[in-house]
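# Summary of structural features
Take a look at the letters that make up each chain.
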2 protein chains.
Amino acid sequence: MPAQNYLKTARPCLIVGSVAIDRVATPHGQSDNILGGAASYAAIAASYFTQARLVGVVGGDFPTAFHRRFKKHGIDTEGLQIEKDGKTFYWSGQYHENFAGRSTLEIQLNVFEKFSPTLPTTYRQSPYVMLGAIQPALQHHVLDQLAAKKAFVLADTFDLWIKTTRDDFDRLLPRVDLLVINEDESRLLTGEASLISAGHKLRKMGPRMVVLKKGEHGSLLFHPDGFFAIPAYPVTKFIDPTGAGDSYAGALIGYLASVNRTDFAALKKAVAYATAAASLTVESFSVDRLSKGGRKTVDARYRELEKITRF
Amino acid sequence: MPAQNYLKTARPCLIVGSVAIDRVATPHGQSDNILGGAASYAAIAASYFTQARLVGVVGGDFPTAFHRRFKKHGIDTEGLQIEKDGKTFYWSGQYHENFAGRSTLEIQLNVFEKFSPTLPTTYRQSPYVMLGAIQPALQHHVLDQLAAKKAFVLADTFDLWIKTTRDDFDRLLPRVDLLVINEDESRLLTGEASLISAGHKLRKMGPRMVVLKKGEHGSLLFHPDGFFAIPAYPVTKFIDPTGAGDSYAGALIGYLASVNRTDFAALKKAVAYATAAASLTVESFSVDRLSKGGRKTVDARYRELEKITRF
């Protein structure tokens, strides 16, 4: 499963974010005590393309099986802080009928409450960085520690931060090369109803590139050299959307790091791989399907995406 | 403007539906006494590919300028009944903030109330037929008059008919080759939340092919030989969505008639032309932009769609 035979061009990518134990209920079933957290999904997706360096925090209760899962994917966990006496971030969520929205039933921040992402010395040179949707102040803190001033930075966010820490978030945007954002967040930030207008406006707010995620409707890429649109992979076995956006972002940064390029052509391919990875994630609870599918399945879906979009 | 130099393969296409005088208000402005009706939009879009034969009804008040508009596009209006003493179907609608839904402010059915689509003898051999979203009973009536038993039939519909005349509609489905339907209607008909599942289920209800329209998110094609997805054209000057779906369907049937093919490859191209035509329609009130753009603009947008979807 660990794709150790990475391309010669491959650079490591740094992934910072939450690592969690989840309980997820959907209209069709539920699953408890499963591996969750944005960084978990992202790192596993990225691991299909290059070595992922994981920065996060877990408690002494974090199951050995989850540590092993990271190891199997060749993920560097030197940056995963383990607070022996604490408990791992716990999230319990419920998806509504037809997956129209979700409610958080319970959050226990635990060790995540005082999480301060500290980069091990070796991580500071990481040329590709993904900032998961943690508080903007912490995202700034990560960037402040980077020695590689030319690192390519992808940032994800979360409507809560746009609403509660807008100043920090606005200051983050110019430090970001690629903002990955969903429909509602893009409208919240720009006030634009049209996604096309929102995308262009977001680029003016700082990030050179913007990817707008639309769930089952695919995603849009706004790059200095052009616009690109891709549908979602036509999933028929939809189980749990948790982590879809995180695997999307992880595969995206992982692919860019693997080819060590960020031009328009590379970004389009990265977005297609991201789409493929996210489609696996929704086909099971937790990272199960994404992890078991392997690079081979991601590649097959990438080719299928080529096929279903050509005319 | 009339593209008289149609391909040698081109067959005429029959378009049946409403012809109306509209008043449209959007969050950004309004326009009164403008050409509307599904068949108007569809026939003009189709006219870029082949000769459109229009079946509908208007009153004595139908402006000469509108008649001229059809003529300029080379549309055969032998089937357009003119009831000298009646008034044309009038529709007044209001789009809500951010175009999230619309309300009908006023409907005067007028001559449309007793509309019975009668095909002129020459029309009965039409090998390509588009049934606009009129009552299913009238759609049946059109099909009953066709002499060409192998005509390729595209049908559009409307949530009202699914709700009020479900039996007639269900009986129509097996008589249809291609059902063109929007997201909400597809969910209403199938009960499926997933559009992919809805598309497959619709095909089992009768039509060999289904096109699922998703507005700004593009459209999906379910064909016996495969699945195809296309984003919307990235419109920035969004004025009025009225008629977008009708121009989409008109361009689709028009293109198929022009190449006289309905295989998967032809359908994919038809869907791309349909997307291009619909994008013009939303850039103005009424058919103005669609009509002025000409085949050249439709072609340019088709090529742009190729460009923004390739990776």
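Keep in mind it's a predicted model, so treat the numbers as computed, not measured. (Residues numbered from 1 in each chain as written. Chains lettered and ligands numbered in written order. Predicted model: local features only at pLDDT ≥ 70, side-chain atom pairs only at ≥ 80, totals over all residues.)

Another point: the overall build of chain A. When its secondary structure is counted, chain A shows 10 helices and 13 strands. A compact globule built from 311 residues should have a C-alpha radius of gyration of about 19 Å, and chain A, at 18 Å, falls within 12% of that. Based on the C-alpha atoms only, the size of chain A along its principal axes is roughly 50 × 45 × 45 Å. Here chain A holds 311 residues, and 51% of them are scored as buried. Restricting to contacts in chain A with at least 6 residues of sequence separation, those with at least 24 account for 70%. (Helix = DSSP H or I, 4+ residues; strand = E, 2+ residues; numbered from the N terminus. Rg over C-alpha atoms; globule rule 2.2 N^0.38 Å. Buried ≥ 20, exposed ≤ 12 C-beta atoms within 10 Å, placed from the backbone. Contact = placed C-beta atoms within 7 Å.)

What follows deals with the interface of chain B and chain A. The interface is formed by 25 residues belonging to chain B together with 25 residues belonging to chain A. Elements supplying a minimum of two residues to the side of chain B that touches chain A: helix 7 (195-204), strand 13 (226-230), helix 9 (264-281) and helix 10 (288-309) of chain B. The class makeup of the residues in the side of chain B that touches chain A is 14 nonpolar, seven polar and four charged. (Nonpolar A, V, L, I, M, F, W, Y, C, P; charged D, E, K, R; others polar.)

Attention shifts here to the confidence of the model for chain A. Taken over all residues, the pLDDT of chain A has a mean of 96, while the share at 70 or more is 98%. ipTM for the predicted complex: 0.93, alongside a pTM of 0.95. (pLDDT = per-residue confidence, 0-100.)

Between chain B and chain A, which share one sequence, the superposing operator has a rotation angle of 180° and an axial displacement of 0.0 Å; the RMSD is 0.0 Å. Look at the turn and shift together and you get a two-fold axis relating the two. Among all residues of chain B, the minimum C-alpha distance to the rotation axis is found for His217(B), at 3.0 Å. (Least-squares fit on C-alpha atoms with pLDDT ≥ 70 in both.)

In this section: the sheet that holds strand 1 (residues 13-16) of chain A. All names here are of chain A. If you walk across this open sheet you meet the nine strands as 5-4-1-8-9-10-11-12-13, and the pairing is mixed. This sheet does not close on itself; its edge strands, each paired only once, are strand 5 (80-83) and strand 13 (226-230). Each strand axis lies, on average, 15° off the axis of its neighbour in the sheet, ignoring direction. Pairing geometry for strand 8 (residues 128-131) and strand 9 (residues 152-156), over four bridges, is parallel. Each bridged residue has a counterpart across the sheet, and for valine 129 the counterpart in strand 9 is valine 153. Across the sheet, helix 8 (residues 244-259) touches strand 1, strand 4 (52-59), strand 8, strand 9, strand 10 (178-182) and strand 11 (209-213), and the angle it forms with strand 8 is around 170°. (Pairing = 2+ DSSP bridges. Axes fitted to C-alpha atoms, helices over the stretch in contact; angles between N-to-C directions.)

Moving on: the nonpolar core. Soluble globular proteins: nonpolar side chains tend toward being buried together. Grouped together as the largest cluster of nonpolar side chains are 202 residues, with contacts concentrated most on Ile15(A) and Ile15(B). Contact partners of Ile15(A), with chain neighbours within four places excluded, come to Ala39(A), Ala42(A), Ala43(A), Ala46(A), Ala52(A), Arg53(A), Leu54(A), Val55(A), Met130(A), Gly132(A) and Gly250(A). (Core = buried A, V, L, I, M, F, W, Y, C linked by C-beta atoms within 7 Å.)

All names here are of chain B. Look at helix 9 against helix 10: their axes get within 8 Å of each other, and the N-to-C directions meet at 135°. Between helix 9 and helix 10, the crossing angle belongs to the class labelled oblique. The two elements helix 9 and helix 10 cross, and the hand of that crossing is right-handed. Here Ala272, Tyr273, Thr275, Ala276, Ala277, Ser279, Leu280 and Thr281 of helix 9 lie close against helix 10, whose contacting residues are Arg289, Leu290, Gly293, Thr297, Val298, Arg301, Tyr302 and Leu305. Residue composition of the contact of helix 9 with helix 10, grouped by class: nine nonpolar, five polar and two charged. (Parallel < 35°, antiparallel > 145°, perpendicular 65-115°, else oblique. Left-handed = near helix turned anticlockwise from the far one by under 90°.)

On to unusual backbone geometry. All names here are of chain A. Here asparagine 33, not a glycine, exhibits a phi torsion of approximately 55°, which is positive. For asparagine 33, the location among the structural elements is in strand 3 (residues 29-36). Assessed through the 13 C-beta atoms surrounding it within 10 Å, asparagine 33 is described here as partly exposed.

Now for the pairing of strand 12 (residues 219-223) of chain A. Residues and elements named next belong to chain A. The buried fraction of strand 12 is high, at five of five residues. Of the two faces of strand 12, the one holding Ser219, Leu221 and His223 and the one holding Leu220 and Phe222 are both buried throughout. Pairing between strand 11 and strand 12: four bridges, direction antiparallel. Its bridge partner lying in strand 12, lysine 213 is registered against serine 219. With antiparallel pairing between neighbouring strands as the criterion, strand 11 and strand 12 make up a hairpin whose turn holds five residues, including glycine 215 at a positive phi of roughly 60°. Across five bridges, strand 12 lies against strand 13 in antiparallel orientation. The residue of strand 13 that forms the bridge with phenylalanine 222 is phenylalanine 227. Taking the residues between adjacent antiparallel strands as the criterion, strand 12 and strand 13 are bridged by two residues.

Here strand 9 (residues 152-156) of chain B lies mainly inside the structure; five of its five residues are buried. Along strand 9 of chain B, one buried face is formed by Phe152(B), Leu154(B) and Asp156(B) and the opposite face, lined by Val153(B) and Ala155(B), is buried too.

Moving on to the environment of Ala43(B). Residues and elements named next belong to chain B. By the element assignment, alanine 43 lies in helix 1 (residues 38-46). The exposure class assigned to alanine 43 is buried, which follows from the 36 C-beta atoms found within 10 Å. The sequence separation of alanine 43 and phenylalanine 62 amounts to 19 residues, and the corresponding C-alpha distance is 17 Å. If sequence neighbours within four positions are ignored, alanine 43 has contacts with Ile15, Ala52, Leu54, Phe70, Ile75 and Gly250.

Attention now goes to helix 10 (residues 288-309) of chain A. All names here are of chain A. For helix 10, which comprises 22 residues, the first-to-last C-alpha distance of 28 Å sits more than 12% below the rise-based estimate of 32 Å (1.5 Å per residue). Of all the bends found along helix 10, the most pronounced is centred on glycine 294 and spans about 95°. Along helix 10, the residues that are buried comprise Leu290, Ser291, Gly293, Val298, Arg301, Tyr302, Leu305, Ile308 and Thr309. (Expected span 1.5 Å × (residues − 1). Bend = angle between axes of the 7 residues up to and from the residue.)

This brings us to the sheet that holds strand 2 (residues 20-26) of chain A. All names here are of chain A. As summarised here, the arrangement of the four strands in space is 3-2-6-7, forming an open sheet in which the pairing is mixed. The outermost strands of the open sheet, each flanked by one partner alone, are strand 3 and strand 7 (102-108). The average angle at which neighbouring strand axes cross in this sheet is 15°, direction not considered. In the sheet, strand 2 pairs with strand 3 via six bridges, with the strands oriented antiparallel. When the bridges of strand 3 are listed, alanine 25 appears paired with glutamine 30.

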